[in-house]
Amino acid sequence: MKVSDSSSSSTSSLGNTSLRGFSGLASGLDRDALIEQLTLNTSNKITSIKQSVTKQEWRQEAYNSITGKMLDMEDDYLSYSGKTSVVNNDLYKKSVITANGNSASASLLKATGNSGVMDYLSIKGVSQLASSAYYTSKKFTVSGEGGGETAASKSTKLSDLGFTDDQLSGMTINGTSFSVTSESTVNDLISAINNSDAGVKATFVESTGSFMFFDKDTGEDSSVELNSDAEAMFGGTHTAGKDTIMYVSYGGSDPVAVKSSSNTVNVDGLKVTASGIFGNIQTDSSGNVTSYDASASVSFTATANVDKATERVKEFIEAYNKLVDEVNTAVTTRPNRDYTPLTEDQEDEMTEAEIEKWNKKAKEGILYNENEVRDFSDTLHSMMSSFLGAGISYADLKEIGITMTDDFADGGQLKFDEEKFRAAMESDPEKVEKVMCGSEDNKGLGSVINTQFTPYATRYATRNGNSYGRLIEVAGSDKLTLTANKNQIYNKIEEYNDQLEKWQSKLKTEEDRYIKQFTNLEKLINSMNSQANYLSGLFA
């Protein structure tokens with residue numbers, strides 16, 4: 001739809017409705033139409049300024065779209081701690097640990113981490129799992145209605161168990177006292193202990209009528225210590241905690257015991273968690289292994305998480321190519337001069353769909369002659385050269401499935417061969433890690449891209465001479481609040497607003513002057529009409 005540039009369309013942008021609908025009663029002149037014509041040059045200037053403001057806002061929107069993608073990539077993919085980082089070395093490590101050997105034994109072990117001696121070690125058995133120390137009280141009963149004794153319950157008052165206020169105020173567990181009285185219930189006492197700093201998990205087993213206190217820590221060093229008042233009240237027994245004991249063989253050596261206060265045992269960097277006992281380990285009085293079931297042995301192999309790394313890098317390349325495509329489109333699309341920002345009157349004559357379609361067309365080419373965007377586009381075009389200049393081998397890039405597309409007109413997009421990348425991760429994840437993350441001697445692909453982005457847009461101005469980048473200097477970023485009113489486009493819009501205020505004031509002055517003149521004309525015509533009527537009455 002082509003919208004015409006009529007004078008009425010231009011003046012409508014002024015909100016100049018106060019002039020409409022009034023004509024000279026005496027003169028018969030359409031005062032408002034005449035004033036609109038007389039002030040047309042000023043009205044058109046105001047319309048032009050408003051359109052200029054809109055274009056600046058569109059420029060800023062286009063810049064923000066580009067820099068937003070860049071900052072998101074910096075945060076998500078190009079930061080070591082990013083949630084989808086491709087420069088975190090751990091992504092390419094052999095982190096998937098598989099337990100091999102006896103299937104029943106292997107099902108009882110889970111391993112994470114890494115060990116330089118993983119290929120040489122095996123687990124021959126687990127003789128015990130870690131447990132916490134615990135204290136079991138005597139059985140508490142209360143008198144029944146028929147005179148017999150029944151087990152106490154959680155609702156039983158402590159006084160019914162024979163506990164006095166003095167005893168309760170003096171008792172401690174692991175050095176901690178509790179605010180309960182003889183009128184409190186068993187459940188009140190349990191809650192008080194569990195909510196305290198005693199480091200104890202308390203419960204009352206109604207089926208046995210006994211209190212049980214478990215140390216929250218496991219291992220042979222765990223303990224539940226009751227002072228004399230508490231022991232006199234509860235009258236039970238203490239059971240010591242235990243360590244997990246795992247038997248490890250290195251390169252076929254005799255098994256040696258490795259202990260842990262938890263069920264996870266650190267075996268030279270490999271963290272092995274046991275969930276059961278196996279191996280039928282027998283030891284002498286000195287703890288030396290005398291016999292074990294060799295068929296129960298478990299070893300480990302480590303592989304890279306190929307699926308995770310492949311999907312992550314694929315997503316990164318897709319995000320990179322979307323950015324490249326947007327920048328390339330911005331610098332190669334010429335604006336259509338027939339489509340300018342709509343005035344309010346023009347929008348009133350159109351549907352929302354027509355307005356949306358018009359504005360989409362009008363925004364095309366908004367960054368066509370922007371030097372900063374064109375420079376950035378050139379940088380993206382030459383990204384492969386930057387990779388090679390940083391010491392990344394083209395052969396290595398090709399081997400892991402990352403190359404530049406053959407179409408120069410696409411702006412410098414990267415091509416990703418998922419099958420090649422997957423194969424490289426399976427056969428040589430160390431090479432993939434080196435290409436993506438770099439080494440002591442060379443930068444990685446992610447670091448090179450980030451370095452090339454930084455002069456144009458970065459979240460960390462300290463990396464760029466205290467600048468957030470050239471693109472952000474032009475338009476700011478909605479992701480960096482400090483740049484909202486510290487950019488060139490913001491300053492330009494402020495200049496236009498100052499001009500707009502002056503021209504609107506000028507229009508108001510012109511309108512007031514012409515209204516006054518027309519009012520005087522009406523008064524003069526009315527006076528002349530009165531005189532004519534008077535004279536005609538004399539000769540009637």
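Residues numbered from 1 in each chain as written. Predicted model: local features only at pLDDT ≥ 70, side-chain atom pairs only at ≥ 80, totals over all residues. Heavy atoms only, no water.

### As for the overall build of the protein
- Along the backbone of the protein there are 18 helices and 18 strands.
- Here the C-alpha atoms of the protein give a radius of gyration of 42 Å, more than 25% beyond the 24 Å that 2.2 N^0.38 yields for 540 residues.
- In terms of overall dimensions, the protein has a C-alpha envelope of 145 × 80 × 40 Å along the principal axes.
- Counting across all 540 residues of the protein, residues that qualify as buried make up 42%.
- Restricting the contact set of the protein to residue pairs at least 6 apart, pairs at least 24 apart contribute 67%.
- Put simply, the protein shows about 28300 Å² of open surface, and 46% of that area lies on carbon and sulfur atoms.
- Distance from the positive charge centre (52 side chains) to the negative charge centre (77 side chains) of the protein: 7 Å. (Helix = DSSP H or I, 4+ residues; strand = E, 2+ residues; numbered from the N terminus. Rg over C-alpha atoms; globule rule 2.2 N^0.38 Å. Buried < 20%, exposed > 50% of the residue type's maximum accessible area, 1.4 Å probe, protein only. Contact = heavy atoms within 4.5 Å. Areas by Shrake-Rupley, 256 points an atom, 1.4 Å probe, with all protein chains shown as cover. Lys, Arg positive; Asp, Glu negative; His and termini not counted. Charge placed at Lys NZ, Arg CZ, Asp CG, Glu CD.)

### Observations concerning the sheet that holds strand 4 (residues 134-136)
- Pairing in this open sheet of four strands is antiparallel, and the strands run 7-8-4-9 from one edge to the other. Of all strands in the sheet, those with a lone pairing partner are strand 7 (200-205) and strand 9 (237-239), marking the two edges. Direction aside, neighbouring strands of the sheet carry axes that sit 20° apart on average.
- Direction of pairing for strand 4 relative to strand 8 (residues 210-215): antiparallel, over a ladder of three bridges. Each bridged residue has a counterpart across the sheet, and for Tyr-134 the counterpart in strand 8 is Phe-214.
- Helix 6 (residues 186-194) contacts strand 7 and strand 8 of the sheet and is inclined by roughly 165° relative to strand 7. (Pairing = 2+ DSSP bridges. Axes fitted to C-alpha atoms, helices over the stretch in contact; angles between N-to-C directions.)

### Concerning the confidence of the model for the protein
- Confidence in the prediction for the protein averages 90 pLDDT; 94% of positions are at 70 or higher.
- Taken as a whole, residues 1-18 scores under 50 in pLDDT and shows 39 contacts with residues more than four places along the chain or in a different chain. (pLDDT = per-residue confidence, 0-100.)

### A few points about the packing of aromatic side chains
- Summed over all chains, the structure comprises 16 aromatic pairs.
- Look at Tyr-339 and Trp-358: their rings are 4.5 Å apart centre to centre, the planes differ by 50°, and that puts the pair in the tilted class. Pair noted here: Tyr-339 is in the loop between helix 8 (306-332) and helix 9 (344-348) and Trp-358 is in helix 10 (residues 352-363), with a separation of 19 residues, a long-range link.
- Exposure remark for Tyr-339: the relative accessible area of 23% places this residue in the partly exposed category.
- Put simply, the rings of Tyr-135, Phe-140, Phe-163, Phe-204, Phe-211, Phe-213 and Phe-234 pair up and form one aromatic cluster. (Phe/Tyr/Trp six-rings, centres within 6.5 Å; stacked < 30°, edge-to-face > 60°.)

### Describing the packing of helix 3 (residues 40-76) against helix 8
- Contact geometry for helix 3 and helix 8: axes closest at 10 Å, N-to-C directions at 160°. Here helix 8 runs roughly antiparallel to helix 3, going by the angle between their axes. Considering how the two elements wind past one another, helix 3 and helix 8 form a crossing that is left-handed. Only Phe-316, Ala-319, Tyr-320, Leu-323, Glu-326 and Val-327 of helix 8 make contact with helix 3, whose side of the interface consists of Ala-62, Ser-65, Ile-66, Lys-69, Met-70 and Met-73.
- Here the contact of helix 3 with helix 8 is built from residues that sort into nine nonpolar, one polar and two charged. (Parallel < 35°, antiparallel > 145°, perpendicular 65-115°, else oblique. Left-handed = near helix turned anticlockwise from the far one by under 90°. Nonpolar A, V, L, I, M, F, W, Y, C, P; charged D, E, K, R; others polar.)

### Here we look at the layout of surface pockets
- Taken as a whole, the largest pocket encloses approximately 390 Å³ of empty space.
- Forming the boundary of the largest pocket are 16 residues, of which Ala-62, Glu-326, Lys-363, Glu-364 and Ile-366 lie nearest the centre.
- The greatest single-element share of the lining of the largest pocket, amounting to five residues, is contributed by helix 3.
- Partitioning the lining of the largest pocket into residue classes produces six nonpolar, four polar and six charged.
- Considered as a void within the structure, the second largest pocket measures approximately 320 Å³ in volume.
- Taken together, 18 residues make up the lining of the second largest pocket; nearest its centre are Lys-55, Pro-335, Arg-337, Gly-365 and Ile-366.
- The element contributing the most residues to the lining of the second largest pocket is helix 3, with four residues.
- Its residues assigned to classes, the lining of the second largest pocket shows eight nonpolar, five polar and five charged. (1 Å grid on protein atoms, 1.4 Å probe; cavity = no way out; pocket = protein on both sides within 12 Å on 5 of 7 lines; lining within 4 Å. Points joined across faces, edges and corners; volume = space filled by probe spheres on them.)

### Here we look at the environment of Asn-41
- Position of Asn-41 among the secondary structure elements: in helix 3.
- Asn-41 sits in the exposed class, given a relative accessible area of 65%.

### Re the sheet that holds strand 12 (residues 264-267)
- Ordered by their spatial adjacency, three strands build an open sheet running 2-13-12, and the pairing between neighbours is antiparallel. Two strands lie at the open edges of the sheet, namely strand 2 (109-113) and strand 12, each paired on one side alone. Put simply, the sheet's adjacent strands are angled 25° from each other on average, direction ignored.
- With four bridges connecting them, strand 12 and strand 13 (residues 270-274) associate as antiparallel partners. For Thr-264, the partnering residue across the bridge sits in strand 13 and is Thr-273.

### Considerations on unusual backbone geometry
- With phi around 55°, Asp-268 is a residue other than glycine that occupies positive phi space.
- The exposure class assigned to Asp-268 is partly exposed, which follows from its relative accessible area of 44%.
- Of note, Asn-466 is a non-glycine position whose phi angle comes to about 65°, a positive value.
- Tracing the backbone through its elements, the reader meets Asn-466 in the loop between helix 16 (445-453) and helix 17 (470-475).

### Let's talk about the pattern of salt bridges
- One pass over the structure, following the stated rule, counts 18 salt bridges.
- Asp-375 is paired through a salt bridge with Arg-470; the nearest N and O atoms lie 2.7 Å apart. With Asp-375 in helix 11 (residues 371-381) and Arg-470 in helix 17, this pair connects stretches of sequence that are 95 residues apart.
- The residue Glu-495 makes a salt bridge to Lys-492 at a minimum N-O spacing of 3.8 Å. Here Glu-495 and its partner Lys-492 are both found in helix 18 (residues 488-538), three residues apart, which amounts to about one turn of the helix.
- Its relative accessible area of 34% is what places Lys-492 among the partly exposed residues.
- By sharing partners, the salt bridges in this structure join Asp-307, Lys-314, Glu-418 and Arg-422 into a single network. (Salt bridge = Lys/Arg side-chain N within 4 Å of Asp/Glu carboxyl O.)

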